[in-house]
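Spelled out, the chains give:
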Amino acid sequence: MAKITMREAISQALWEEMERDPNIFIMGEEVGVWGGTYAVTKGFYDHFGAKRVRDTPIAEAVIVGAAIGAALTGTRPVAELMTINFAFSAMDHIVNEAAKLHYMFGGQFLLPLVIRTVSGGGRQLGATHSQTPDAIFAHFPGLKVVAPGTPEDAKGLLKSSIRSNDPVLYIEHATLYQTRGEVPEGDYTIPIGVSKVQRPGRDVTIVTYSKMLETSMKAAQQLAKEGIEAEIVDLRSLRPLDMGPVLESFKKTNRAVIVEEGWRSFGVGSEVAARLYEEAFDYADAPIQRVAQKEVPLPYNRTLEQMALPQVEDVIAAVKEVL
Amino acid sequence: MEKEEYLDLYYQMVLIRRVEEAAAQLYQQGKIGGFLHLYIGQEAVSTGLISARQPQDRVITAYRDHGVAINCGIPAQKVMAELLGKATGVSKGKGGSMHMADVNKNFWGGHAIVGAHLPLAAGLALGDQYLGNDAITICMFGDGATNIGYFHEALNLSKVWNLPVLWVCENNQYGMGTAVERASAVSEIRQKAEGYCIPNDCVDGMDVLKVRQAAEEAIRFVRQNNGPFFLEIETYRFRGHSMGDPERYRKPEEVKKWEENDPIGIYRNQIINLQIASEEELDLLEKKAEKETAEAVQFAENSPEPPPEALFEHIYADAQ
Ligand SMILES: Cc1ncc(C[n+]2csc(CCOP(=O)(O)OP(=O)(O)O)c2C)c(N)n1
Ligand SMILES: [Mg+2]
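(A) Broad picture of the site of ligand 1. Residues and elements named next belong to chain B. Residues in close proximity to ligand 1 total 15 residues, the closest being Tyr63, Arg64, Gly144, Asn172 and Tyr174. Ala112 places a main-chain nitrogen or oxygen 3.0 Å from a nitrogen atom of ligand 1. Here ligand 1, which alone exposes 590 Å², has 71% of that area covered by the protein. Along the lines of polarity and charge, the residues of the shell around ligand 1 split into eight nonpolar, five polar and two charged.

Structure below.
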């Protein structure tokens, strides 16, 4: 097993898939000559050429719309939206086209399409450039939403996303690119819609994903020093949502904390908590806690921004609340 | 064109008219739900246009799609069954009036968000260009659609990447109740294509032969140059925007004036004057269209509803 960064893992998945299948191509703003805003596609343009690594105008609707159209012809586009904040300009095409076409035309249309994008705050980019609106996208049947938290999952899930015949929104996190982790050698995939226990424990279940996996892991390490063993379930995909490992863990620990970076209202935590209450109410020994972003547009000032984002201490406090 | 083809164009136009008249009745009887946007008055546009395509050429349009579907070769039965929401409908009863498509006929829908299918059309053309296919994409949209951002993003990309796409604006003078001059900074819509250096043309959409000729030239241009072309087609819808339109935005005299230019009547006269066929031959075709329409209605009414399992079918293509 090699230890590589998240950036390398995503880049490797893309590269290996493009080597495997000539029908895969990349399109997006600054993916080519520039090498990718987050340097994920560095070197791709020189190796694969302008036909397969396509710089687009700054026009999010047509980036997603044209990727949908191209997918309908049997190519396998990987469209990049520079950040998820700009996905709102393409919302119509994500929601009203990508998520609907297969169903609405009675199964005739296939959309082997991936939309890669970048979510998350914490870099002092202000309110318009720091959002974590992942939950919004998980609202729509017909779309798959993937958001890995480790290099191993990032690589395996991106390969599955590219090989899927459904539209997949693949969400990277802006502050995870340097995170290192072990990645299996050779070609492997990780199925979409399968949650995973990333840390075993007996006392409390922490449900999380993406960047907040890292935060939750740190909290679990500190809690362990106090003799509290948290089990961490990483959702990895928001739709389809795999509640299996979450329910199994909750039935064992009888206590749950859900940690997400986005806003609390109508969020991932709301959904997971509701599902736990619906499906395992009798197992609850304490009200489920949610850790999430404060309900404010994210401010620029570093101290204020960090106050708004969920911290390790918030997770620890929530765990102590349910114990 | 051979005689047969002249008559085929006539038949298609008449069939669309009869099918939509029947649809209007079924709507009034409550057998068709949702919105119903009739194409009556505009039949020469898609009939002339689509008759000029090769089988490998793709067609994509907006929600005013029944006529386009028929021109693409979808049987009237499957169109009617879709209107009635039946399992035998072209979209299995899950799309309805605004969302018809048939991949096997290279008809890619039926899209109900104004202008949103233009980026998809750019993508269909991109896919063909990428794969080296000798196919073009014909994308139809209304005058109203030229005011939404998608139009501009799609036209720009088509020129920057030289995509094999034919942009066809059906200028029927109104977007719902808003006249072109009240919504568009330029009322000669082809000027918008000029802004993107896309070669363009404008043609009378009440004359199917003129549409056909302009379409042939435009399609040839796109295929040969592997780049976009823009065709504005002037037309008029005789009925309301959709069923139940109070039509406060236009005067009955205006509608009457256009109705005197009925594309089917114009074409009928042309066929007679050019001595391509006799009145009797055309009457026979009218009868045939009536019969096909009646059979389509019967087929649709007798078709089964989609089974309950259909509700959860086709959300995803991958095995779950
Ligand atoms: C984005 C969007 N906004 C508004 C509507 C509602 N709407 C449906 S059709 C229409 C008018 C469109 O006019 P035009 O493009 O000229 O097409 P026509 O109906 O004349 O064929 C409007 C406003 C819509 N479907 N989509
Ligand atoms: Mg119009």
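(B) Looking closely at the sheet that holds strand 7 (residues 168-173) of chain A. The sheet built from seven strands is open, its strands ordered 3-2-4-5-7-6-12 (chain A) with mixed pairing. Across the chains shown, the open sheet's two edge strands, defined by having one partner strand only, are strand 3 (53-55) and strand 12 (237-239) of chain A. Each strand axis lies, on average, 20° off the axis of its neighbour in the sheet, ignoring direction. Taken together, the two bridges between strand 6 (residues 144-146) of chain A and strand 12 of chain A define a ladder with antiparallel strand orientation. Residue pairing across strands places Val145 of chain A opposite Arg239 of chain A, the latter belonging to strand 12 of chain A. Strands in contact with helix 5 (residues 117-131) of chain B are strand 2 (24-28) and strand 3 of chain A; relative to strand 2 of chain A, the strand with the most contacts, it is inclined by about 135°.

(C) Fine view of the coordination of the magnesium ion (ligand 2). All names here are of chain B. Protein-derived ligands of the magnesium ion (ligand 2) are Asp143 (OD), Asn172 (OD1) and Tyr174 (O), with the metal-ligand distances lying across 2.1 to 2.2 Å. Sequence positions of the donors to the magnesium ion (ligand 2) reduce to the motif D-x28-N-x1-Y. Summarising the burial analysis for this pair, Asn172 and Tyr174 share the class buried.

(D) The arrangement of the environment of Ala67 of chain A in detail. Relative to the helices and strands, Ala67 of chain A resides in helix 3 (residues 60-72). Excluding anything up to four places from it in sequence, Ala67 of chain A contacts Met27, Val62, Pro77, Ala79 and Leu113 of chain A.

(E) Inspection of the packing of helix 11 (residues 263-273) of chain B against helix 12 (residues 279-302) of chain B at higher detail. Residues and elements named next belong to chain B. Running from amino to carboxyl end, helix 11 crosses helix 12 at an angle of 145°, the nearest separation of the two axes being 10 Å. For the pair formed by helix 11 and helix 12, the contact residues are Arg268, Ile271 and Ile272 on the first element and Glu279, Leu282, Asp283 and Glu286 on the second. Residues of the contact of helix 11 with helix 12, tallied by class, amount to three nonpolar, no polar and four charged.

(F) Molecular detail of the sheet that holds strand 1 (residues 58-61) of chain B. Residue and element names in this part refer to chain B. Taken in spatial order, the six strands of this open sheet run 2-1-3-4-8-7, and their pairing is parallel. Across the chains shown, the open sheet's two edge strands, defined by having one partner strand only, are strand 2 (107-110) and strand 7 (200-204). Put simply, the sheet's adjacent strands are angled 15° from each other on average, direction ignored. Two strands pair when backbone bridges link them, and strand 3 (residues 137-142) and strand 4 (residues 165-171) are joined in this way by six bridges, in the parallel orientation. The residue bridging Cys139 from the neighbouring strand is Trp167, located in strand 4. Those strands touched by helix 5 are strand 1, strand 2, strand 3 and strand 4, and its axis lies near 175° from that of strand 3.

Here is what the cut-offs are and how they apply
- Residues numbered from 1 in each chain as written.
- Chains lettered and ligands numbered in written order.
- Predicted model: local features only at pLDDT ≥ 70, side-chain atom pairs only at ≥ 80, totals over all residues.
- Heavy atoms only, no water.
- Near = heavy atom within 4 Å.
- Polar contact = N/O pair within 3.5 Å; in protein donor to acceptor, adjacent residues only side chain to side chain.
- Areas by Shrake-Rupley, 256 points an atom, 1.4 Å probe, with all protein chains shown as cover.
- Nonpolar A, V, L, I, M, F, W, Y, C, P; charged D, E, K, R; others polar.
- Pairing = 2+ DSSP bridges.
- Helix = DSSP H or I, 4+ residues; strand = E, 2+ residues; numbered from the N terminus.
- Axes fitted to C-alpha atoms, helices over the stretch in contact; angles between N-to-C directions.
- Contact = heavy atoms within 4.5 Å.
- Donors = N, O, S within 2.8 Å, 3.2 Å for Na, K, Ca; no water.
- Buried < 20%, exposed > 50% of the residue type's maximum accessible area, 1.4 Å probe, protein only.

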